[in-house]
Every structure is written in C-alpha cells, then in structure tokens.
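So the chains spell out like this:
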Amino acid sequence: MLTPRMYYTDTTGGSPFAKDPDVIRFGDRYLMYYTIRTPDCLAVGIAASDDLDRWERVGEVTPEMEIERKGLAAPAALVHEGRVHLFYQSYGTGPRDAICHAVADDGLRFERDPSNPVFRPTGDWTCGRAIDADIVRHGDRWLLYAATRDPNMRVQMLTAARAPAECSFSRDCWTQVADRPILRPELDWERDCIEAPTVCERGGVLYMFYAGAYNNEPQQIGVAVSRDGIEWTRLSDRPLLPDGAPDEWNASESGHPGLFVDDDGATHLFFQGNRTDGADWYLSRMRVEWERGLPYLVRPRDGRQFRIEAPPQGLDDAWVCISK
C-alpha cells in the first residue's frame with residue numbers, strides 16, 4: 001500500500017480513528033484538532049507538531065455541557081488575540097446537532113461558551129442541524145460556515161452566519177446570511193452531500209474547499225470561489241482531490257478538508273481518508289500552490305500535482321482578472 005509522508009491516526013477508541021482535521025500555528029508549534037472515537041462517544045483529539053508531518057497526541061476535548069452529552073466532533077480552530085477559539089458540533093442528536101464555541105489560553109484546556117450552542121440555521125428549507133464549522137475573517141466581519149440538511153434529513157448543504165469584527169463569538173453575535181443554502185449538491189460526484197467547508201482569503205477573494213458526497217461514496221474534495229462569502233461559484237465540475245487508486249491509503253475516499261495558512265503564507269490542505277470503507281480513518285496533507293488565481297495541490301511524497309480540470313467556460317480568464 002502506498003502511504004503519504006503524513007499518515008496520522010488515533011487509537012483512543014481501540015482502532016485507528018482520526019477524522020475532520022483542522023490545524024493552527026500557536027506559539028512555537030502547530031496544533032491539530034480532529035475527531036476521535038473514545039469508548040463512550042465521539043470527542044476531539046489534539047496533536048502537536050513542529051513540521052506538519054510528524055504529530056504527537058497532547059490532549060483531548062471531551063463532553064462537559066448537556067448539549068455535548070452524546071459527543072462532540074468536527075472542530076475548527078482560530079487564533080484570535082492570543083487565544084485559541086474552538087468551534088465544534090454537538091453530536092448524536094440528529095437534527096438538533098448545533099455549532100458550539102469554547103476558548104483556551106493554551107490551546108489545550110477549553111472553557112465553554114455559556115451561550116452554547118452559538119449557531120443553528122432556521123427556515124423551512126432546513127431541519128435546523130448545523131455541523132462541520134469553519135470561521136474566516138472577511139473585511140469588517142466574521143463569517144461562520146456550517147453544513148445542514150433539508151427537512152427530510154437526506155440532502156446535506158451549506159449555510160452561513162456573520163458577526164461583526166469586534167465580538168465575543170457567542171450566540172447573540174451571529175446572524176444567518178440567507179434563508180436558503182449558500183451551496184448545495186448539484187454535480188454527479190457530489191451526490192446528496194456538500195459538507196466540511198474550509199475557507200481562506202487571498203487578495204480579497206474567498207476560496208472554499210469542500211467535501212462532496214457522504215463518506216466512502218466516495219467523498220472527494222472540490223473548490224468554489226466568492227467575492228462576498230455568500231454567493232459561490234464552483235471552479236470545476238470535477239473534484240480537485242479525488243479518492244486514491246486501489247493501492248493507496250485513501251482508495252475509499254479523500255474527504256473533510258481543512259485549510260491551514262502558515263505565517264509565511266504557505267497553504268496546506270489537511271484531509272481524511274481510508275481504504276477500508278470506513279473501518280479505520282487516517283489524516284494526511286498536501287501543499288496548496290497557486291497559479292493565475294487557481295489553486296492546485298502538490299503531493300509531498302512524490303511531487304504529483306492535482307489541478308482543476310475543465311473550469312467553467314470563461315471562468316479562468318475572468319477569475320484571473322478579479323484575483324490579481
């Protein structure tokens with residue numbers, strides 16, 4: 001089996017299980033937050049690294065509040081004013097799962113936001129569920145992204161909320177941006193699911209890497225772009241990062257992306273994968289490079305490149321103009 005340079009998992013629950021990665025630089029090291037399976041429920045693991053490839057488990061975040069009683073998962077971390085803010089979902093309550101918030105001075109010991117949950121969408125188009133959070137600063141506001149489902153709990157799609165730049169990230173800060181999904185599955189490879197949005201900004205333009213299709217269908221990773229963070233356009237009708245070949249570790253899927261932009265501007269895409277239809281789960285990364293306003297991926301092990309194929313007609317030249 002071909003394996004990548006970064007090939008990380010967690011055996012807290014007995015078998016290899018690490019999903020939903022998100023990475024920050026905090027102090028003199030990198031911290032990665034990810035979903036683990038404990039003997040009792042899903043929770044959040046914390047690992048540390050000094051090179052983004054070799055990781056050592058250094059902590060965990062386990063249920064404390066009533067809303068987390070059945071579990072928590074899919075963390076997104078933000079370093080803001082010297083503290084680590086963690087956005088994560090409650091787990092195990094179906095349509096009542098929602099986005100929660102906690103904060104830590106050391107990135108390890110988190111104090112819960114007493115207003116939890118801080119966000120779940122409303123409207124007759126959604127069941128009210130919110131999972132897979134990500135947060136990005138855009139101009140004079142924060143944008144919080146999440147996945148939700150239709151009222152029948154069948155189709156997964158994206159929602160978003162905004163908050164002023166000066167805020168506590170608590171529930172009263174957030175306002176839903178639209179009474180509709182901001183992105184929903186439309187392409188064949190996305191099937192009935194778009195989830196795990198992860199966003200970065202380059203030159204005033206927002207780039208969203210997202211997961212299409214439910215786990216192991218296979219789940220693969222696509223890219224969309226936006227000027228305002230609400231209206232999104234796909235860069236291609238094909239995934240940027242597909243599932244791997246039959247002899248590779250991610251033969252069953254390449255899923256749940258997490259973007260990390262380092263202090264020097266270097267961009268990395270972390271993601272989950274497996275080759276066992278979900279019997280175990282591992283995490284890896286690829287470097288994100290940019291050319292004429294379009295991202296592409298470089299596999300560290302051998303330098304193989306994954307590029308956007310067949311962007312929509314006219315989008316390439318138009319996007320180059322607005323992304324300069």
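Going by the structure above, here's the rest.
Values in this document were obtained by computation on a predicted structure and should not be read as measured data.

**Observations concerning the sheet that holds strand S2 (residues 29-37)**
Logical step 1: Reading across from one edge, S1-S2-S3-S4 is the order of the four strands in this open sheet, with antiparallel pairing throughout. The open sheet has two free edges, formed respectively by strand S1 (19-26) and strand S4 (56-61), since each of these has just one partner strand. Ignoring which end each strand starts from, the neighbouring axes of this sheet average 25° apart.
Logical step 2: Bridge analysis of strand S3 (residues 42-49) against S4 gives five bridges, and the strand direction is antiparallel. Residue pairing for S4: Ala 48 is matched across the bridge by Glu 56.

**A word on the side chain of Gln 156**
Logical step 1: When you line up the elements, Gln 156 lands in strand S11 (residues 156-164).
Logical step 2: What makes Gln 156 buried here is its relative accessible area of 1%.
Logical step 3: In this structure the side chain of Gln 156 is engaged in a polar contact, spanning 2.6 Å, whose partner is the side chain of Glu 195.

**Concerning the packing of aromatic side chains**
Logical step 1: For the structure shown, the criterion picks out 13 aromatic pairs.
Logical step 2: When the ring of Trp 189 is compared with that of Tyr 210, the centres are 6.0 Å apart and the planes differ by 20°; the resulting orientation is stacked. Of this pair, Trp 189 sits in the loop between strand S12 (175-176) and strand S13 (194-202) while Tyr 210 is found in strand S14 (residues 205-212), placing the two residues 21 residues apart along the sequence.
Logical step 3: Judged by its relative accessible area of 12%, Trp 189 is buried.
Logical step 4: A ring pair is formed by Tyr 207 and Trp 290, whose centres lie 4.7 Å apart and whose planes are at 70°; its orientation type is edge-to-face. Here Tyr 207 is found in strand S14, whereas its partner Trp 290 is found in strand S19 (residues 282-291), with 83 residues between them in sequence. The exposure classification of Tyr 207 matches that of Trp 290, with both residues buried.
Logical step 5: Here the aromatic cluster, defined as three or more aromatic residues joined through ring pairs, consists of Tyr 7, Trp 249, Phe 271 and Tyr 282.

**Focus: the pairing of strand S18 (residues 267-274)**
Logical step 1: The element S18 is largely enclosed, with a buried count of eight among its eight residues.
Logical step 2: Neither face of S18 is left uncovered, since the one carrying Thr 267, Leu 269, Phe 271 and Gly 273 and the one carrying His 268, Phe 270, Gln 272 and Asn 274 both have all their residues buried.
Logical step 3: Pairing between strand S17 (residues 253-261) and S18: seven bridges, direction antiparallel. Looking across to S18, one finds that Glu 253 is bridged to Asn 274.
Logical step 4: Pairing of S18 with S19, which is carried by seven bridges, proceeds in the antiparallel orientation. Its bridge partner being in S19, His 268 is matched across the sheet by Arg 287.

**A look at the pairing of strand S5 (residues 72-80)**
Logical step 1: Among the nine residues of S5, eight are classified as buried, and the element is accordingly described as predominantly covered.
Logical step 2: Here S5 pairs with strand S6 (residues 83-90) via seven bridges, running antiparallel. Its bridge partner being in S6, His 80 is matched across the sheet by Arg 83.

**Considering empty space enclosed by the protein**
Using a probe with the size of a water molecule, rolled over the atoms, empty space left in the structure can be pinpointed.
Logical step 1: Tallied over the entire structure, the rule returns two cavities of 30 Å³ or more.
Logical step 2: Of the volumes computed, that of the largest cavity is approximately 70 Å³.
Logical step 3: What lines the largest cavity is a set of 14 residues, and nearest its centre among them are Asp 22, Ala 133, Pro 197, His 256 and Pro 257.
Logical step 4: Residue assignment for the lining of the largest cavity shows that the elements contributing at least two residues are S1, S5, strand S9 (131-138), S13 and S17.
Logical step 5: The residue makeup of the lining of the largest cavity, split by class, is seven nonpolar, three polar and four charged.
Logical step 6: Estimates place the volume of the second largest cavity at around 50 Å³.
Logical step 7: Along the walls of the second largest cavity sit Tyr 210, Gly 222, Val 223, Leu 235, Ser 236, Arg 238, Pro 239, Leu 240, Ile 308 and Glu 309, which together make up its complete lining.

**What about the sheet that holds strand S10 (residues 141-149)?**
Logical step 1: If you trace the four strands from one edge of the open sheet to the other, you get S9-S10-S11-S12, paired in antiparallel fashion. Edge positions in the sheet fall to S9 and S12, since each has one partner strand and no second.
Logical step 2: Bridging between S9 and S10 involves six bridges; their strand directions are antiparallel. Counted as the bridge partner of Arg 137 is Trp 142 from S10.

Basis of the calculations
Residues numbered from 1 in each chain as written. Predicted model: local features only at pLDDT ≥ 70, side-chain atom pairs only at ≥ 80, totals over all residues. Heavy atoms only, no water. Pairing = 2+ DSSP bridges. Helix = DSSP H or I, 4+ residues; strand = E, 2+ residues; numbered from the N terminus. Axes fitted to C-alpha atoms, helices over the stretch in contact; angles between N-to-C directions. Buried < 20%, exposed > 50% of the residue type's maximum accessible area, 1.4 Å probe, protein only. Polar contact = N/O pair within 3.5 Å; in protein donor to acceptor, adjacent residues only side chain to side chain. Phe/Tyr/Trp six-rings, centres within 6.5 Å; stacked < 30°, edge-to-face > 60°. 1 Å grid on protein atoms, 1.4 Å probe; cavity = no way out; pocket = protein on both sides within 12 Å on 5 of 7 lines; lining within 4 Å. Points joined across faces, edges and corners; volume = space filled by probe spheres on them. Nonpolar A, V, L, I, M, F, W, Y, C, P; charged D, E, K, R; others polar.

Any link to function would need more than the numbers given here.
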